[in-house]
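Descriptive analysis of the structure
What follows is the residue order along each chain.
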Amino acid sequence: MQVAHSTETSAAAPYPFDIRRISDVAGAEIFGVDLKQPVSESLKEAIMRAFLEFHILVFRGQDLNKDEQHTFSKNFGELEHHVGRLPDGTPFPIVHTVTNLDADGNPTEKTVSKGNYHWHTDKSYHAIPSLMSMLHAKEVPANGGDTQFANTRMGYAALPDEMKARIADLQVEHSWEASRRNVGDAPPSEEQKRERPPVVHPLVRTHPDTGDKTIYLGHHTSHIHGVPKAESDALLEELTAHTTQEPFTYTHQWRPGDYTMWDNRCLLHRARPNYEVGKERRLLHRTVIIGTKPY
Ligand code: OGA
Ligand code: MN
């Protein structure tokens, strides 16, 4: 393992790996760590420190199978289950596949979750939403098939004071049902609705590890409580447009072997359909770590 290459902006303690900031918005790439190997307490501490500093970590050149990803992921908390179903009706396994390949391994538009094309933060329809998500790129198009991230701490900080005052105490309902409706997907089954009843979270969230305020919304939202629906829709749309402006976004162009970890508490993200979805192959393995109740 390479030793001590922190960037100029990083905290005083050096990182025990080669790390470089990718973007001023979020993201750092890390070299010289093999995530298949057991993670020591000191490495875990350094990864979490980098995670809080950069919000997105990209470990280049990794090659984990699903069991190895499961083992690595567990270092960072409890793994989350998924409400999504496979074509045969069974729930997604805990380490699941995000792909445009069908059962025969051929690219198709059909298998791609259209919801992922809309800005969201993972599992915000859970009472205890996600801390982080991890995606490990197995097969990605040579160009495109990007994932875009928006920094909701920067978005919040750039709001005018009047808007900060207006939204300070607003509470927002999120649900799996609203999520599907918002993106034009088929409604969930009764069973899925029972599994994921609506939940309420503050619109302005305090990051539990950094204390930063962030805007917490995305396409899993239904409505703001106590506000007429039209006003709620308009405000959620306005805030989403605000925090996803180009200066607050980073677009990740995948390389095969990338292993990413991102902070769902201060980022929105979405998949980009900027490749030939029906022709080129895209396959990533995904795990999600449970966080804490937003406040
Ligand atoms: C996800 C997600 C985006 C992508 O895995 O949570 O939103 O680019 N993926 O595949
Ligand atoms: Mn997602």
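Below you will find a few notes about this structure. Please read these numbers as outputs of a predicted model, since none were measured by experiment.

A word on the pattern of salt bridges
The full count for this structure, using the stated rule, is 19 salt bridges. Between Lys279 and Glu276 there is a salt bridge, and its shortest N-O distance comes to 3.3 Å. Taking the relative accessible area as the measure of exposure, Lys279 reaches 63% and is therefore exposed. By relative accessible area, which is 44% here, Glu276 ends up partly exposed. Each of Glu29, Arg60 and Asp258 takes part in salt bridges that share partners, so that together they form one network.

Focus on the coordination of the manganese ion (ligand 2)
For the manganese ion (ligand 2), the full set of protein donor atoms is His120 (NE2), Asp122 (OD) and His269 (NE2), at a range of 2.1 Å. Judged by relative accessible area, His120 falls into the buried class, the value being 2%.

Examining helix α5 (residues 176-183)
Every α-helix winds through 3.6 residues per turn, so residues three or four apart in the chain are directed the same way. Buried residues of α5: Trp176, Ala178, Ser179 and Val183, and no others. Down the axis of α5, the sector holding all buried residues measures 160°, keeping them to one side. Each element contacted by the buried residues of α5 is listed here: α6 (190-195) and β11 (221-224). Downstream of α5 by a residue or two, Gly184 has a phi angle that is positive, lying close to 80°.

Overview of the sheet that holds strand β2 (residues 28-31)
On the basis of which strands lie adjacent, the open sheet formed by 7 strands has the order β1-β2-β3-β13-β5-β15-β4 and mixed pairing. Either end of the sheet is taken by a strand with one partner, and the two such strands are β1 (18-21) and β4 (96-99). Adjacent strand axes in the sheet meet at a mean angle of 25° when their direction is disregarded. Note: strand β5 (residues 130-139) against strand β13 (residues 259-263), 5 bridges, orientation antiparallel. Across the sheet, Met134 pairs through a bridge with Met261, a residue of β13. Each of β1, β2, β3 (56-59), β5 and β13 is contacted by helix α1 (residues 41-54), which is oriented at about 125° to β3, the strand it contacts most. Running at roughly 25° to strand β15 (residues 283-290), helix α2 (residues 66-73) makes contact with β4, β5, β13 and β15 of the sheet.

Some remarks on the packing of aromatic side chains
With the rule as written, the count across this model stands at 6 aromatic pairs. When the centroid spacing of 5.6 Å and the interplanar angle of 10° are considered together, the rings of Tyr15 and Phe17 count as stacked. Phe17 shares its class with Tyr15; the two are buried. Among the aromatic residues, ring-to-ring pairing joins Phe72, Phe76 and Tyr259 into one connected group. One Lys or Arg, Arg205, reaches over the ring of Tyr216 and ends 4.8 Å from the middle of that ring.

A short note on the sheet that holds strand β14 (residues 267-271)
The sheet built from 3 strands is open, its strands ordered β12-β6-β14 with antiparallel pairing. The open sheet has two free edges, formed respectively by β12 (249-252) and β14, since each of these has just one partner strand. Taken pair by pair, the neighbouring strands of this sheet meet at an average axis angle of 20°, ignoring direction. Inspection of the sheet shows strand β6 (residues 147-151) paired to β12 by 4 bridges, in the antiparallel sense. Directly across from Thr147, in β12, lies its bridge partner His252.

Description of the pairing of β4
Here β4 shows one buried face, formed by His96 and Val98, and one open face, formed by Thr97 and Thr99. When β4 meets β15, the two strands line up antiparallel, connected through 4 bridges. What sits directly across from Val98, in β15, is Leu284.

Considering the nonpolar core
Ranked by internal contacts, the top residues of the largest apolar core, which has 26 residues, are Phe17, Ile47, Leu57, Phe59, Phe72 and Met261. The set of elements that each furnish at least two residues to this core consists of β2, α1, β3, β5 and β13. For this core, the leading source of residues is α1, giving 6 residues. Ala150, Tyr156, Leu170 and Leu203 belong to the second largest nonpolar core, which has 18 residues in total.

Calculation notes
Residues numbered from 1 in each chain as written. Chains lettered and ligands numbered in written order. Predicted model: local features only at pLDDT ≥ 70, side-chain atom pairs only at ≥ 80, totals over all residues. Heavy atoms only, no water. Salt bridge = Lys/Arg side-chain N within 4 Å of Asp/Glu carboxyl O. Buried < 20%, exposed > 50% of the residue type's maximum accessible area, 1.4 Å probe, protein only. Donors = N, O, S within 2.8 Å, 3.2 Å for Na, K, Ca; no water. Helix = DSSP H or I, 4+ residues; strand = E, 2+ residues; numbered from the N terminus. Arc of directions from axis to C-beta. Contact = heavy atoms within 4.5 Å. Pairing = 2+ DSSP bridges. Axes fitted to C-alpha atoms, helices over the stretch in contact; angles between N-to-C directions. Phe/Tyr/Trp six-rings, centres within 6.5 Å; stacked < 30°, edge-to-face > 60°. Lys NZ or Arg CZ within 6 Å of the ring centre and 35° of its normal. Core = buried A, V, L, I, M, F, W, Y, C linked by side-chain atoms within 4.5 Å.

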